[in-house]
Amino acid sequence: STSLNSAFVAKGKKYFGTCADQGTLGNTQTKAIIDADFGQVTPENSMKWDATEPSKGSFSFSGSDYLADYATENGKMLRCHTLLWHNQLPSWVSAITDATELTSVLENHIATVAGRYAGKCYAWDVVNEIFGEDGKLESNVFLDVIGDGYVKIAFDAAKKAAPDAKLYINDFNLDDPAYAKTSGLAAQVKEWVAAGVPIDGIGSQTHLGAGVTTTQAALELLAESVDEVAITELDIAGAAATDYEEVINACLAVDKCVGITEWGVSDSQSWRPNENPLLFDGSFEPKAAYTSLLSLL
Ligand code: XIL
């Protein structure tokens, strides 16, 4: 039978995926849906800094290995997420005030985590949510202590550790070309790429409210700066079929859009409780948006 992934791949895209981790995969209904319908997985939490290096120099890979092994054993592509983010960052990192120390901590974290999964990640979200709504780099411990050079430091370290992975900058509220954040990020990435920072792609998280209209135009703007773009964490409040169709059609229409990742399977497991933003309901039944996507594909 046709799956979302196989139908999307038949349209020339690389994957249609979802986030997952040991907990969600431990649910037999979730696992059955992922096995059947999705061609790519992103660790929802297990590769974040608090999970992989909870205290300095002490690494823990049980959750991330579980997800990476699931991908290998089941022929799923793996998007890896994420090496630098101000959330889910242990307090021992945010407490560092010395630039030399924070640089070496960042380089060691990236060398160790990206190195462990070298050859396994199709892509890495090297940096996550580093821009503000004004389209400029937002304050975080890395900007405050190291300065804006931290972005090149992070990408160079990722390139060294995982030379085969597509290296992404990932962010939310990039859904309209009219947003200052979308144009500011796109312009800054273009400058970084010209300056030799090894950025291959821009990930648009695509956490949306109902009533979506500007996805294609936004992806087109982002795609001017990089070799590829991806929708990395899709969920839409209410999950109207028309809204999902708008997003899927946008990726189909933009050649550089390589794939779409849903941020979860069942509404019962979504990080946005009560918004019912996913393709399967709380009883793991496919919703109208799911059916309409399959017919569209
Ligand atoms: C979310 C997870 O889904 C939750 O389980 C966790 O409690 C918080 O993080 N942007 C991102 C994702 O890049 O990593 C976030 O995932 C959602 C927002």
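Refer to the structure above for everything that follows.
What you are looking at is a predicted structure, and each value in this text was computed from that prediction instead of being measured.

Remark: helix H11 (residues 215–223) packs on helix H12 (residues 241–253), axes separated minimally by 8 Å, with the N-to-C direction vectors making an angle of 35°. As H11 packs across H12, the resulting crossing turns out to be right-handed. When H11 is examined against H12, the residues Thr215, Gln216 and Leu219 are found in contact with a partner set consisting of Glu246, Val247, Ala250, Cys251 and Ala253.

Moving on, we come to H12. A rise of 1.5 Å per residue sets the reference length of H12, with its 13 residues, at 18 Å; its end C-alpha atoms lie 18 Å apart and thus fit the reference within 8%. Here H12 has its buried residues at Asp243, Tyr244, Glu246, Val247, Ile248, Ala250 and Cys251.

Turning our attention to the state of the cysteines. Applying the stated rule across the entire model yields two disulfides. Between cysteine 80 and cysteine 121 runs a disulfide, and the two sulfur atoms are separated by 2.1 Å. Measuring the twist about the S-S bond at about -80°, one finds the cysteine 80-cysteine 121 disulfide to be left-handed. In this pair, cysteine 80 is assigned in strand S3 (residues 77–84) and cysteine 121 in the loop between helix H7 (99–116) and strand S4 (123–128), connecting sequence segments 41 residues apart. Cysteine 121 carries the same exposure label as cysteine 80, and that label is buried. In this model cysteine 19 remains outside any disulfide bridge; the closest cysteine sulfur is found in cysteine 80, 14 Å from its own. By relative accessible area, which is 3% here, cysteine 19 ends up buried.

When you tally the buried positions in S3, you get seven out of eight residues, the bulk of the element. Sheet topology places strand S2 (residues 40–43) next to S3; two bridges connect them, and they run parallel. Bridging across to S3, valine 41 finds its partner in leucine 78. Two strands pair when backbone bridges link them, and S3 and S4 are joined in this way by four bridges, in the parallel orientation. Its bridge partner lying in S4, leucine 84 is registered against valine 127.

A word on the pattern of salt bridges. Counting across every chain of the model gives eleven salt bridges. The closest approach of N and O atoms between aspartate 65 and arginine 116, which form a salt bridge, is 2.6 Å. Placement of aspartate 65 in helix H5 (residues 62–74) and of arginine 116 in helix H7 is noted, with a sequence separation of 51 residues between them. Under the relative-accessibility criterion, arginine 116 is labelled partly exposed at 41%. The partner of glutamate 224 in a salt bridge is lysine 190, and the shortest N-O contact between them spans 3.9 Å. Of the two residues, glutamate 224 sits in the loop between H11 and strand S8 (228–236) while lysine 190 sits in helix H10 (residues 180–194), which places them 34 residues apart along the sequence. The class for glutamate 224 is exposed, based on a relative accessible area of 52%. Take lysine 190: its relative accessible area is 42%, and that puts it in the partly exposed class. Three or more residues joined by partner-sharing salt bridges are found here, namely Glu133, Asp171 and Lys181.

Surveying the vicinity of the ligand reveals 13 residues, the closest of which are Glu44, Lys48, His81, Asn128 and Glu233. In this structure, lysine 48 approaches the ligand through a side-chain N or O atom, which is 2.7 Å from an oxygen atom. The contact in question runs from an oxygen atom of the ligand to an N or O atom on the side chain of glutamate 233, over 2.7 Å.

So, about unusual backbone geometry. With an omega of -5°, the peptide bond between histidine 81 and threonine 82 qualifies as cis. Considering the arrangement of structural elements, one finds threonine 82 in strand S3. One non-glycine residue, glutamate 129, lies in positive phi territory at about 55°. One non-glycine residue, asparagine 274, lies in the positive phi region at around 75°. Take asparagine 274: it is sitting in the loop between strand S9 (257–262) and helix H13 (288–296). With relative accessibility at 77%, the residue asparagine 274 sits in the exposed group.

Moving on, we come to empty space enclosed by the protein. Think of a ball as big as a water molecule: rolled over the atoms, this probe shows where empty space is left. Scanning all chains against the criterion turns up two cavities of 30 Å³ or more. The computed volume of the largest cavity comes to approximately 50 Å³. Lining of the largest cavity is provided by Cys19, Thr24, Thr30, Glu44, Trp263, Gly264, Val265, Gln269, Ser270 and Trp271. Residue composition of the lining of the largest cavity, by class: four nonpolar, five polar and one charged. Taken as a whole, the second largest cavity encloses approximately 30 Å³ of empty space. If you go around the second largest cavity, the residues you meet are Lys48, Trp49, Thr82, Leu83, Leu84, Trp85, Asn87 and Gln88. Ranked by the residues each element gives to the lining of the second largest cavity, the list is headed by S3, at three residues. Partitioning the lining of the second largest cavity into residue classes produces four nonpolar, three polar and one charged.

Rules and cut-offs
- Residues numbered from 1 in each chain as written.
- Predicted model: local features only at pLDDT ≥ 70, side-chain atom pairs only at ≥ 80, totals over all residues.
- Heavy atoms only, no water.
- Axes fitted to C-alpha atoms, helices over the stretch in contact; angles between N-to-C directions.
- Helix = DSSP H or I, 4+ residues; strand = E, 2+ residues; numbered from the N terminus.
- Left-handed = near helix turned anticlockwise from the far one by under 90°.
- Contact = heavy atoms within 4.5 Å.
- Expected span 1.5 Å × (residues − 1).
- Buried < 20%, exposed > 50% of the residue type's maximum accessible area, 1.4 Å probe, protein only.
- Disulfide = S-S within 2.5 Å.
- Pairing = 2+ DSSP bridges.
- Salt bridge = Lys/Arg side-chain N within 4 Å of Asp/Glu carboxyl O.
- Near = heavy atom within 4 Å.
- Polar contact = N/O pair within 3.5 Å; in protein donor to acceptor, adjacent residues only side chain to side chain.
- 1 Å grid on protein atoms, 1.4 Å probe; cavity = no way out; pocket = protein on both sides within 12 Å on 5 of 7 lines; lining within 4 Å.
- Points joined across faces, edges and corners; volume = space filled by probe spheres on them.
- Nonpolar A, V, L, I, M, F, W, Y, C, P; charged D, E, K, R; others polar.

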